[in-house]
Amino acid sequence: MPTAVLTDRERTAVQAYLRLLHTVRAAFDAQSGPPDAPRPSVVPPSVLAEAEAALARAGLTGNEEEFFRMVRDWCPEP
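Residues numbered from 1 in each chain as written. Predicted model: local features only at pLDDT ≥ 70, side-chain atom pairs only at ≥ 80, totals over all residues. Heavy atoms only, no water.

(A) Representation of the pattern of salt bridges within the structure. Here the structure, examined in full by the defined rule, presents three salt bridges. A salt bridge links Glu 50 to Arg 19, with the nearest nitrogen and oxygen atoms 2.5 Å apart. In this pair, Glu 50 is assigned in helix H2 (residues 45-57) and Arg 19 in helix H1 (residues 8-30), connecting sequence segments 31 residues apart. By relative accessible area, Glu 50 is classed as partly exposed at 32%. A salt bridge links Glu 66 to Arg 69, with the nearest nitrogen and oxygen atoms 2.5 Å apart. Of this pair, Glu 66 and Arg 69 both sit in helix H3 (residues 64-74), three residues apart, which is roughly one turn of that helix. Judged by relative accessible area, which is 28%, Glu 66 ranks as partly exposed. (Salt bridge = Lys/Arg side-chain N within 4 Å of Asp/Glu carboxyl O. Helix = DSSP H or I, 4+ residues; strand = E, 2+ residues; numbered from the N terminus. Buried < 20%, exposed > 50% of the residue type's maximum accessible area, 1.4 Å probe, protein only.)

See the structure below:
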């Protein structure tokens with residue numbers, strides 16, 4: 001499988017997305033209590049803003065297919 005070298009901006013976008021993904025997973029894992037209990041915001045606005053800005057700087061906004069290819073290459077499933 002050919003491996004492309006990511007630019008700094010692409011790498012930053014992938015890393016920001018992975019931080020966002022881990023934040024969401026942690027929020028869902030940490031939520032407990034009664035189902036009707038109020039839930040905090042799953043993703044802090046600063047984490048979402050970081051990911052969106054990184055995607056825009058890398059020119060990946062609206063290019064999900066290319067972006068997720070980079071994510072798969074950077075962090076393949078076991």
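Still to come is the rest of the account.
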